[in-house]
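# An overview of the molecular structure
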Amino acid sequence: MKKIVLLLLSLVNASLLFSQELYDSLLTELNTKYPQEKTYLQLDKSYYSPGETIWFKAYIRTDVPGSQISSSLYAEMLNENGNVLDRKTMPILFGGAASSFLLPDTVKSAKVYIRTYTSWMLNFDSTLFYTKPVNILRPEAAAKTILPAHYTLTFFPEGGDLVTGIESRIAFKTNDQEGQPFAVKGNILDAQGKTITGFNSIHNGMGFIKLNPVAGQAYKAIWKDISGKTQETPLPAARSNAATLSLSWANNGLSYTITRSPDVTDDMKEFIIVAQQQQQICYAARINLKTKTNVTVPIPTDSLPDGVMQVTLFNKASLPVAERVVFIKNNNQYFITDLHIIEKNVKKKGRNVLQIDVGGSLRSNLSVSVTDADLDIKPVAGENIYSQLLLSADLRGNIYNPAYYFSSDADSVSSQLDLVMMTNGWRRFNWEKCPRSNTNLKPIYLCREKYLASHLCNCQIK
């Protein structure tokens, strides 16, 4: 099946590129022709023994709630080498599908994996498939492969780039050889070895610093890894003739700040900012910075659904110059249920009847996992249906323990979630302008490659 990567839209006059209608039409066409499906898998328990049956329920969600694209779901059980051990095909009914796998009694590894996808998802990058690890209990502990120690520290300027003469936040994130975060602290030095500021991780190896880069100056971070070895990481180089985009939460409201360099070309003095969720524009504004260098504006979010919002800043030439993702959490994806025990029997093979009531006229498709209470095994933490469908499926990069960010509405958790947004890239699509020679008319391409590693589109126009 042909992989969908690019959508070429008709040429339009450059002046029209600043209209909300154009961006709205781009997203509408993208949403109409290339809607996205996400899947999540619930297992009946957290650990299995060889020879047991793995019962599972899958949930399928589209960009447009209540709609359905595919009629069948495919599930594969893989070993640790990625080889398919078994495969299932299930009908999708009311956004869900269910089946089971028989775990081979000859399995030697401590994990197998279940991968789910639809035929529509085959049009896109295979890394969009949802994969869930399944833990296996074994009498003899399998020898764990010890990977060579490797520690990384990565910096992410807010909006995408540092700009000379403008103070910006730079988020950072740590990872070891197994993708696990670790606490870190260190100092930021300039090229002459002068300490500019110190830094400490705040949560799960993440944190941020503020830096006002000087033109022609290079910066680096000096830090120590878990073993105590001193490491050095260069910071991204700063740009000139550019603008920054910063988002912040205050008094339960979201606002953005645009700041441009004092001496910029005319195309960097007028902007349009577009915010979208689920490929629907939820905010758009024209910004005139001809006479001033910065502006701060609120974005109304009270009526928005829960999920990731992409905010992109375009200059007068319609080039995306800065981008930031933020999570909207209005708790409108939750509903209250009541569990009633209609019939209880604790005898062996006794009949038990449970009833789940959902208030109002809400249509629901639910599942319940029942596990032996005598097993002293804690559930595997890390993800849940909220974190997968609302967060992980829309962000590029590994998120450590994503379910944690849905465990509380405390301000501290919200601040930590914003660090996740600053250190993980948007993967739904990329805005990019590809110029055409010998004309002032320029087409717009939307890259639909979800895991596009680069911000640039490798387009060639003949």
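Here's what I pulled together on the structure shown here. None of the values given here were measured: they were computed from a predicted structure.

## Some words on the sheet that holds strand β7 (residues 96-102)
A sheet is described by the order of its strands in space; here 3 strands give the open sequence β2-β4-β7, paired in antiparallel fashion. Both outer strands of the open sheet, β2 (37-43) and β7, are each paired with one neighbouring strand and no more. Strand-to-strand twist of the sheet, defined as the mean angle between neighbouring strand axes without regard to direction, takes the value 25°. Bridging between strand β4 (residues 53-62) and β7 involves 7 bridges; their strand directions are antiparallel. The partner of Tyr 59 across the bridge, within β7, is Gly 96.

## What about the pairing of strand β12 (residues 168-175)?
Across a regular strand the side chains alternate sides, sitting on one face of the sheet and then on the other. Among the 8 residues of β12, 8 are classified as buried, and the element is accordingly described as predominantly covered. Burial along β12 is two-sided: the residues Ser 168, Ile 170, Phe 172 and Thr 174 and Arg 169, Ala 171, Lys 173 and Asn 175 are all buried. Here strand β10 (residues 152-157) pairs with β12 via 6 bridges, running antiparallel. If you follow Phe 156 over to β12, its bridge partner there is Ala 171. Here 6 bridges tie β12 to strand β15 (residues 206-211), and the two strands are oriented antiparallel to one another. Paired with Arg 169 across the bridge in β15 is Lys 210.

## With respect to the sheet that holds strand β21 (residues 270-277)
Pairing is antiparallel across the open sheet formed by 4 strands, whose spatial order is β22-β21-β24-β25. Pairing within the sheet leaves two strands with one partner each, and these edge strands are β22 (280-288) and β25 (320-328). With strand direction ignored, the average angle separating the axes of adjacent strands in the sheet is 15°. As defined by bridge partners, strand β24 (residues 307-315) adjoins β25 across 8 bridges and the pair is classed as antiparallel. Its bridge partner being in β25, Gln 310 is matched across the sheet by Val 325. Where helix α3 (residues 411-423) meets the sheet, its contacts fall on β24 and β25, and the angle it forms with β25 comes to roughly 145°.

## Things to note about the pairing of β22
Summarising the sheet, β21 and β22 pair through 8 bridges and their orientation is antiparallel. Of the residues in β22, the one forming a bridge with Ile 273 is Ala 285. Hairpin connection from β21 to β22: 2 residues lie between these consecutive antiparallel strands, with Gln 278 at a positive phi of about 50°.

## Details of unusual backbone geometry
Of note in this structure, Asn 241 is not a glycine but carries a positive phi near 50°. If you trace the backbone, Asn 241 turns up in the loop between β18 (238-239) and β19 (243-250).

The rules behind these values
Residues numbered from 1 in each chain as written. Predicted model: local features only at pLDDT ≥ 70, side-chain atom pairs only at ≥ 80, totals over all residues. Heavy atoms only, no water. Pairing = 2+ DSSP bridges. Helix = DSSP H or I, 4+ residues; strand = E, 2+ residues; numbered from the N terminus. Axes fitted to C-alpha atoms, helices over the stretch in contact; angles between N-to-C directions. Buried < 20%, exposed > 50% of the residue type's maximum accessible area, 1.4 Å probe, protein only. Contact = heavy atoms within 4.5 Å.

Worth remembering: the numbers are spatial, not functional.
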